[in-house]
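Coordinate inspection notes
Take a look at the letters that make up each chain.
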Amino acid sequence: MSARGPSSPRAALITGAGTGIGRVIALRLARDGWGVAVNDVEPGPAAAVAAEVAAAGAASAVVVADVGDPEAARGMVAVAVQELGAVDLLVNNAGVCRLGAIAEFPEADWRATFRVNVDGVFFCCQAVLPHMVARGRGNIVNLASWSGKAGAPYFGAYCASKFAVIGLTQSLAKEVAAHGIRVNAVCPGIVAGTEMRARVDAESRTLGRPTSTDRVAWIPMGRLAEPEDVAGVVAFLASDDARYMTGQAVNVTGGLWMH
């Protein structure tokens, strides 16, 4: 879909931006003056968020694609470049979370988790890197999790996938620093108000595990994160204020995790 709104000097591509944290990141970057290519596997939510981006006065484009498909990832980047003129920033936000005991976890759920959370990051990075290397600059922010720093019962597949995202972030940061490209990760804690949180809480109740409401008492700052808390850190990493940061996995946990 063609870009809408005035041209923007900087352009971001955000995966999984049709809902939740991705949507809030898209709107925060739009307010900061970024043009935004909104990716989602569902065209309706992507188009709705792109319209919100345009209403905020920024250029927008819709790029429907399955990030776990390498050909689709390459096509998505090509469309974003065509519609917005460049991809200065890639935010790998698309993710899924499925709960279950490791001993009984279905292979299909394991592979589906890694297909989006790890393969999606890998394929999207591969797709955008030639463009960024040719320009001699670029910025990648990967959404990991505090679950990528400590294992948790019944979150084995999710934790393993987010550990992988942090490892990929650190390795890629060292590979491309000389090309003027920064690569960082954001590690949210327990984020309220998203469809993923609602699903995880429902599965937790089924398994007899604590829900997000139960876990507020674990958080030193006394509240769950909001999507805006995560978007603010992404916006910082996207900015020149973070120009000397690469290979970092930044916690946004209210003190729940401090390493």
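Before any of the text, the structure's been laid out above.
Let me sum up the structure you'll find in this document. The structure presented is a predicted model; accordingly, all values stated were derived computationally and were not measured.

Analysis parameters
- Residues numbered from 1 in each chain as written.
- Predicted model: local features only at pLDDT ≥ 70, side-chain atom pairs only at ≥ 80, totals over all residues.
- Heavy atoms only, no water.
- Helix = DSSP H or I, 4+ residues; strand = E, 2+ residues; numbered from the N terminus.
- Rg over C-alpha atoms; globule rule 2.2 N^0.38 Å.
- Buried < 20%, exposed > 50% of the residue type's maximum accessible area, 1.4 Å probe, protein only.
- Contact = heavy atoms within 4.5 Å.
- Areas by Shrake-Rupley, 256 points an atom, 1.4 Å probe, with all protein chains shown as cover.
- Lys, Arg positive; Asp, Glu negative; His and termini not counted.
- Charge placed at Lys NZ, Arg CZ, Asp CG, Glu CD.
- Expected span 1.5 Å × (residues − 1).
- Salt bridge = Lys/Arg side-chain N within 4 Å of Asp/Glu carboxyl O.
- 1 Å grid on protein atoms, 1.4 Å probe; cavity = no way out; pocket = protein on both sides within 12 Å on 5 of 7 lines; lining within 4 Å.
- Points joined across faces, edges and corners; volume = space filled by probe spheres on them.
- Core = buried A, V, L, I, M, F, W, Y, C linked by side-chain atoms within 4.5 Å.
- Polar contact = N/O pair within 3.5 Å; in protein donor to acceptor, adjacent residues only side chain to side chain.

1. Let's talk about the overall build of the protein
- Summing up its helical and strand segments, the protein has 8 helices and 7 strands in all.
- Its C-alpha atoms give the protein a radius of gyration of 17 Å, near enough to 18 Å, the size a compact globule of 259 residues would have.
- The burial tally for the protein puts 51% of its 259 residues in the buried class.
- Sequence-distant contacts, at least 24 apart, represent 72% of the contacts inside the protein between residues at least 6 apart.
- Accessible area of the protein: about 11,300 Å², with a carbon and sulfur share of 55%.
- Taken together, the 22 basic and 23 acidic charged side chains of the protein have centroids lying 5 Å from each other.

2. Regarding helix α1 (residues 20–31)
- Between its first and last C-alpha, α1 extends 17 Å over 12 residues, near the 16 Å set by a 1.5 Å rise per residue.
- Those residues of α1 that sit buried are I21, G22, V24, I25, A26, L27, L29 and A30.
- Along its buried surface, α1 packs onto β1 (10–14), β2 (34–40), α2 (43–55), β4 (89–92), β5 (138–143) and α8 (227–238).
- Count one or two residues on from α1 and you reach G33, which has phi positive near 100°.

3. A closer look at the pattern of salt bridges
- What the rule picks out here adds up to 7 salt bridges.
- When the shortest N-O distance is used, the salt bridge between R111 and E107 registers 2.7 Å. Pair noted here: R111 and E107 are both in helix α4 (residues 107–135), with a separation of 4 residues, about one helical turn. An identical accessibility class is assigned to R111 and E107; each is exposed.

4. Thoughts on the layout of surface pockets
- Size it by volume and the largest pocket reaches roughly 1,100 Å³.
- Lining the largest pocket are 48 residues, and of these G95, V96, C97, M196 and R199 sit closest to its centre.
- Residue assignment for the lining of the largest pocket shows that the elements contributing at least two residues are α1, β2, α4, α5 (156–176) and α6 (195–207).
- In terms of residues, the lining of the largest pocket owes the most to one element, α6, which gives 6 residues.

5. With respect to the nonpolar core
- L13, L90 and I140 are the most contacted members of the largest nonpolar core, which has 36 residues in total.
- Of all the secondary-structure elements, those providing two or more residues to this core are β1, β3 (60–64), α3 (70–84), α4, α5 and β6 (181–188).
- For this core, the leading source of residues is α4, giving 9 residues.
- Setting aside residues no more than four positions away along its own chain, L13 makes contact with A37, N39, V63, M76, V77, A80, V87, L89, L90 and V91.
- One finds V24, V62, V186 and A225 within the second-largest nonpolar core, a separate group that totals 35 residues.

6. Some thoughts on α3
- Spanning 15 residues, α3 covers 21 Å between terminal C-alpha atoms, matching the ideal 21 Å at 1.5 Å per step.
- Where the residues of α3 are buried, they touch β1, β2, β3 and α4.
- Capping the start of α3 is the job of one residue whose side-chain oxygen sits 3.0 Å from the backbone nitrogen of E71: D69.

7. As for the side chain of N92
- Among the structural elements, N92 can be located in strand β4.
- Its relative accessible area of 2% is what places N92 among the buried residues.
- Here N92 is in contact with T15, G120, V121, C124, C125, I140, V141, N142 and L143, once residues within four sequence places are set aside.

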